[in-house]
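Survey of secondary and tertiary structure
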There are 2 protein chains.
Amino acid sequence: MSRQDGAMTSPRRRSATRSVTLQDVAELAGVSAQTVSRVLRVPDEVSPHTREKVETAIRDAGYVPNLSARNLASNRSKIVATVIPSLSASIFSETLTGLSSVLAPEGYQLLLGYTDYDDKREEELIRSLLGRRPDGFFMTGTLHSPAVVRMLTASGVPVVETWDWTDTPLDTLVGFSNEEAMYAMVSSLHEAGYRRPCFVGRLHKGDHRSRRRLDGYLRAVADHWPGAEPRVFDASEYPLTLEAGGRLLEVVRRLHPECDVLVFATDVFANGALLAAAERGIAVPDEIAVSGFGDFELSRLIRPGLTTVALPNTTIGQEAARMLLRRMRGEKPARPHVDLGFEIRRRASA
Amino acid sequence: MSRQDGAMTSPRRRSATRSVTLQDVAELAGVSAQTVSRVLRVPDEVSPHTREKVETAIRDAGYVPNLSARNLASNRSKIVATVIPSLSASIFSETLTGLSSVLAPEGYQLLLGYTDYDDKREEELIRSLLGRRPDGFFMTGTLHSPAVVRMLTASGVPVVETWDWTDTPLDTLVGFSNEEAMYAMVSSLHEAGYRRPCFVGRLHKGDHRSRRRLDGYLRAVADHWPGAEPRVFDASEYPLTLEAGGRLLEVVRRLHPECDVLVFATDVFANGALLAAAERGIAVPDEIAVSGFGDFELSRLIRPGLTTVALPNTTIGQEAARMLLRRMRGEKPARPHVDLGFEIRRRASA
DNA sequence: CAAGGTCATGTTAGCGCTATCGTCAGCGCT
DNA sequence: AGCGCTGACGATAGCGCTAACATGACCTTG
């Protein structure tokens, strides 16, 4: 039985009943698909009468444009891919809010991915995000694997790196120097009379910003106490929680009893240490001083107030968004690298 | 690198130099595009020898599949649209982490939108998210405008509603009852001997969960103190910050001096009130007791510890993800409505 | 009043991929 | 030898949309 009977070619049909399409709306309105498309994208190029007809048809049909198809045809996705290390750390939430608040009014959507401070995951993540052909790329950090650099460069997508500083950004950069900030913090502590600091932070493989803070600490120690052996405690094994900060207070004090100020790489730990100190009757700053990094709201309200570094959490997101918007319009920003700086906040804890 | 030389027929050309395509890889590997596509999707259906050739070509060409095209052709997007009220509130961050941690390994990406507790924005947001033809929809809350209900229903996308409870979910539901939780809280306070509670929360138009908590409060007051006029303070005008919690402590105490326990609708305010009380020498719980809602980490470590309601923050995200995965596979979960419950945490503040 | 311009709309040809079906070699079995 | 089957791969026809060009009605203008 040969299959020669295909004379009356039944056309190949795709499977499911799909949603309402442009074509459906066009037929309903009695115009061409192109006109419907124009009503959606460039309403001014359609006569008021036709436009109204089409808009009614769109509403009646409950039409929702298929953005994948639009993306494919127009080569623009209106998506900004967003890479952050962690969702839980509230600092990034604020940055995301800033980012989204500027991008959303322009019709951009955020495609979110988090790396959990893992370089390998970052690579996979970026590959899969690139698959959506985003119009822009928001990155946390400036240190990326060669593969990541290659992919991003090859893709030609506008990129903004944030939350750090580098002299060789991929494209644009909106951040501050973690190293300088920590250097300034330690200098401030030195000036305040502290003599035996100990750095406490998560020196995770993938957490490059902590590493930079350590670099700043080491440089400051070398400058202010030449020849001294810098005290450093790697808290990689500790989760990023207040409670862990409390445990770190004890552990580090046991390890370095001579230490007079704990220089935490994040306010989370520092605040946790303050809470634990209060609980256990350890006097801060008299018995041991504490400094943080990030200036959370709690750091300002807790007693003693936490001496820390204020960072431009929200501003980073907003500025990065503006930078991306300019780049996505094809402009070459005059100053593609913006240093938003930081501020030392001296409070009672040190 | 021209693909085809249309010397005579200058064919219509699309604008830009686009990225590497399947076809490019196919030519490089000396196979058809279909085979490359198979290597990507169903490697088992390709002979090992061919597969290896193609994989090499993919790597050499730096090919990144265009997921918009894939989406269009296959009618599956591997995107889960995620609607949350706010990014800043850290509770949702934890839920997002849970959601993402289950979905990412299955190849799904999160398309993120936040409504800022605004019903109108929710509507626009959902429309634009639907445009990407997501495979699943994650919603915070169970109370939506008719337009939202219509759109989601018409789209046929699997939906999971969370962070609340309803008897008429759109599709699946993973949450707990805010009303019951607050009812239980107030009952517990009643049992502890408190007699003149005052509810303090943001009764924003778009913040339906706060409203439900108020409902639970009102019902509890009616049950435990029949005939009594319930004390309620609407903190809509206050930002969701610790500092605002401190101000609320003063404002509400002035307004209701007889009140013996402040029943906050969120731990943010409650913790802020505890910090302010300590600062101003107001004794908690002797002068005024305080309860919260959410059980943040701080609530456990602050002194006095905050009496509050623990919620399944992370679990909600994970369970919701599992629910969606099942629905996206076309299964009809046996129990499409999961109540994850809550727990009253009694601590020193009340 | 014909040549040229403008405006609103339609027609055509893809964008890069996958679903579907077709083909063809190789196999075991009667 | 002939049959049906399987496995590996290719050819074709879209998915729903937009860019680029085409058309045709209606104005100007000299």
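Residues numbered from 1 in each chain as written. Chains lettered and ligands numbered in written order. Predicted model: local features only at pLDDT ≥ 70, side-chain atom pairs only at ≥ 80, totals over all residues. Heavy atoms only, no water.

Chain A goes by LacI family transcriptional regulator in an unreviewed UniProt entry, where it is assigned to Actinoallomurus iriomotensis.

Some remarks on the overall build of chain A
In terms of helices and strands, chain A carries 13 helices and 12 strands. Its C-alpha atoms give chain A a radius of gyration of 27 Å, more than 25% over the compact-globule value 20 Å for 350 residues. Viewed in the frame of its principal axes, chain A has a C-alpha envelope of about 90 × 60 × 40 Å. Across the 350 residues in chain A, those meeting the buried criterion constitute 55%. Considering only contacts in chain A between residues 6 or more positions apart, those separated by 24 or more positions represent 68%. Carbon and sulfur atoms make up 49% of the accessible area of chain A, which totals about 16000 Å². Mean positive and mean negative side-chain charge positions of chain A (44 and 44 charges, respectively) differ by 6 Å. (Helix = DSSP H or I, 4+ residues; strand = E, 2+ residues; numbered from the N terminus. Rg over C-alpha atoms; globule rule 2.2 N^0.38 Å. Buried < 20%, exposed > 50% of the residue type's maximum accessible area, 1.4 Å probe, protein only. Contact = heavy atoms within 4.5 Å. Areas by Shrake-Rupley, 256 points an atom, 1.4 Å probe, with all protein chains shown as cover. Lys, Arg positive; Asp, Glu negative; His and termini not counted. Charge placed at Lys NZ, Arg CZ, Asp CG, Glu CD.)

So, the sheet that holds strand 6 (residues 197-201) of chain B
Residues and elements named next belong to chain B. Read from one edge of the open sheet, four strands run 7-6-8-9, paired in parallel fashion. Looking along the sheet, the strands with just one partner apiece sit at the ends: strand 7 (231-234) and strand 9 (289-291). Geometrically, the sheet is characterised by an average inter-axis angle of 20 degrees between neighbouring strands, direction not taken into account. Of the strands in this sheet, strand 6, strand 7 and strand 8 (261-264) touch helix 9 (residues 208-224), which is tilted by about 170 degrees from strand 6. (Pairing = 2+ DSSP bridges. Axes fitted to C-alpha atoms, helices over the stretch in contact; angles between N-to-C directions.)

What to know about the protein's contact with DNA strand D
In the neighbourhood of DNA strand D, 28 residues make up the surrounding shell, with Leu22(A), Ser37(A), Tyr63(A), Thr35(B) and Thr50(B) lying closest. The protein-proximal atoms of DNA strand D, defined as those within 4 Å of the protein, are 59% sugar or phosphate. Here Arg41(A) contributes a side-chain N or O atom positioned 2.8 Å from a phosphate oxygen of DNA strand D. Put simply, the parts of the chain that give the surface near DNA strand D at least two residues each are helix 2 (33-41) and helix 4 (67-74) of chain A together with helix 2 (33-41) and helix 4 (67-74) of chain B. It is helix 4 of chain A that contributes the most residues to the surface near DNA strand D, four residues altogether. (Near = heavy atom within 4 Å. Polar contact = N/O pair within 3.5 Å; in protein donor to acceptor, adjacent residues only side chain to side chain.)

Quick notes on the relation of the copies chain A and chain B
The second copy of the chain is related to the first by a rotation about an axis and a shift along the axis. When chain A is brought onto chain B, the operation consists of a screw motion whose angular component is 180 degrees and whose axial shift is 0.0 Å, with 0.0 Å RMSD remaining. Taken together, the rotation angle and the small translation identify this as a two-fold axis. (Least-squares fit on C-alpha atoms with pLDDT ≥ 70 in both.)

Side note on the interface of chain A and chain B
Between chain A and chain B, the residue contacts involve 48 residues of the former and 48 residues of the latter. Contact between chain A and chain B buries roughly 4500 Å² in total, counting both sides, with carbon and sulfur atoms accounting for 52%. Applying the counting criterion to the chain A and chain B interface returns two salt bridges. Notably, a salt bridge pairs Glu279(B) with Arg303(A), separated by 2.8 Å at the nearest N-O pair. Here chain A and chain B share 25 residue pairs in polar contact (both at pLDDT 80 or more) between them. Looking at the side of chain A that touches chain B, the elements that each hand over two or more residues are helix 4, helix 5 (90-103), strand 2 (109-114), helix 6 (119-130), helix 10 (242-255), helix 11 (267-280) and helix 12 (297-301) of chain A. Broken down by element, the side of chain A that touches chain B gets its largest block of residues, six residues, from helix 4 of chain A. Class assignment of the residues belonging to the side of chain A that touches chain B gives a composition of 22 nonpolar, 15 polar and 11 charged. Taken together, the three bridges between strand 2 of chain A and strand 2 (residues 109-114) of chain B define a ladder with antiparallel strand orientation. Across the sheet, residue Leu111(A) finds its bridge partner in strand 2 of chain B, namely Leu111(B). (Buried area = accessible area lost by both parts, 1.4 Å probe. Salt bridge = Lys/Arg side-chain N within 4 Å of Asp/Glu carboxyl O. Nonpolar A, V, L, I, M, F, W, Y, C, P; charged D, E, K, R; others polar.)

Examining the side chain of Ser187(B)
Residue position: Ser187(B) is located in helix 8 (residues 178-191). Within the local environment of Ser187(B), its side chain forms a polar contact with the side chain of His224(B), the two groups lying 2.9 Å apart.

A short note on the packing of helix 10 of chain A against helix 11 of chain A
Residues and elements named next belong to chain A. Direction vectors running N to C along helix 10 and helix 11 enclose 65 degrees, while the axes themselves pass 6 Å from each other. The two elements helix 10 and helix 11 cross, and the hand of that crossing is right-handed. For the pair helix 10 and helix 11, contact is made by Leu 242, Ala 244, Gly 245, Gly 246, Leu 248, Leu 249 and Glu 250 and by Val 268, Phe 269, Asn 271, Gly 272, Ala 273, Leu 275, Ala 276, Ala 277 and Arg 280, respectively. Of the residues in the contact of helix 10 with helix 11, the class split is 10 nonpolar, four polar and two charged. (Left-handed = near helix turned anticlockwise from the far one by under 90°.)

Here's the deal with the protein's contact with DNA strand C
Close to DNA strand C lie 29 residues, the nearest being Thr50(A), Leu22(B), Gln34(B), Ser37(B) and Tyr63(B). Note that a base oxygen of DNA strand C is positioned 2.7 Å from one of the side-chain N or O atoms of Arg38(A). Of all the elements in the fold, those that place two or more residues in the surface near DNA strand C are helix 2 and helix 4 of chain A together with helix 2 and helix 4 of chain B. It is helix 4 of chain B that contributes the most residues to the surface near DNA strand C, five residues altogether. Partitioned by chemical class, the residues of the surface near DNA strand C number 10 nonpolar, 11 polar and eight charged.

A closer look at the confidence of the model for chain A
With 95% of its residues at a pLDDT of 70 or more, chain A shows a mean pLDDT of 92. Under a pLDDT of 50 for its full length, residues 1-11 of chain A has, in the predicted model, zero contacts with residues more than four places off or in other chains. (pLDDT = per-residue confidence, 0-100.)

What about the nonpolar core?
With 104 residues, the main nonpolar core has Leu103(A) and Leu103(B) as its most contacted residues. When near neighbours in sequence (up to four residues on either side) are disregarded, Leu103(A) contacts Val80(A), Tyr108(A), Leu110(A), Ala321(A), Leu325(A) and Met328(A). Within the second largest apolar cluster, 56 residues are counted, among which are Val252(A), Phe269(A), Leu301(A) and Ala276(B). (Core = buried A, V, L, I, M, F, W, Y, C linked by side-chain atoms within 4.5 Å.)

A look at the packing of aromatic side chains
Residues and elements named next belong to chain A. The tally for this structure, following the rule as stated, stands at 10 aromatic pairs over all chains. Plain terms: the ring middles of Phe 92 and Trp 163 are 5.3 Å apart, the flat faces sit at 70 degrees to each other, and that makes the pair edge-to-face. Remark: Trp 163 occurs in the loop between strand 4 (159-162) and strand 5 (172-175) and Phe 92 occurs in helix 5; sequence separation between them is 71 residues. Here Trp 163 falls in the buried class, since its relative accessible area comes to 2%. (Phe/Tyr/Trp six-rings, centres within 6.5 Å; stacked < 30°, edge-to-face > 60°.)

Structural notes on the domain arrangement of chain A
All names here are of chain A. For chain A, the domain assignment lists domain 1 (16-65), domain 2 (74-176 + 313-341) and domain 3 (178-310). A C-alpha centroid distance of 29 Å is found between domain 2 and domain 3. Every contact between the two is made by 16 residues of domain 2 and, on the other side, 12 residues of domain 3. Here domain 2 and domain 3 share an interface that buries about 1200 Å² over both sides, 50% of which is from carbon and sulfur atoms. On the domain 2 side of the contact with domain 3, Tyr 117, Leu 143 and Asp 164 bury the most area, a combined 46% of that side's loss. Linking domain 2 with domain 3 are one salt bridge. Its salt-bridge partner being Asp 164, residue Arg 212 comes within 2.7 Å of it at the nearest N-O pair. At the junction of domain 2 and domain 3, the tally comes to six residue pairs in polar contact (both at pLDDT 80 or more). Broken down by element, the residue count for the side of domain 2 that touches domain 3 peaks at three residues, all from helix 5. Grouping the constituent residues of the side of domain 2 that touches domain 3 by class yields nine nonpolar, five polar and two charged. (Domains from an automatic or database assignment.)

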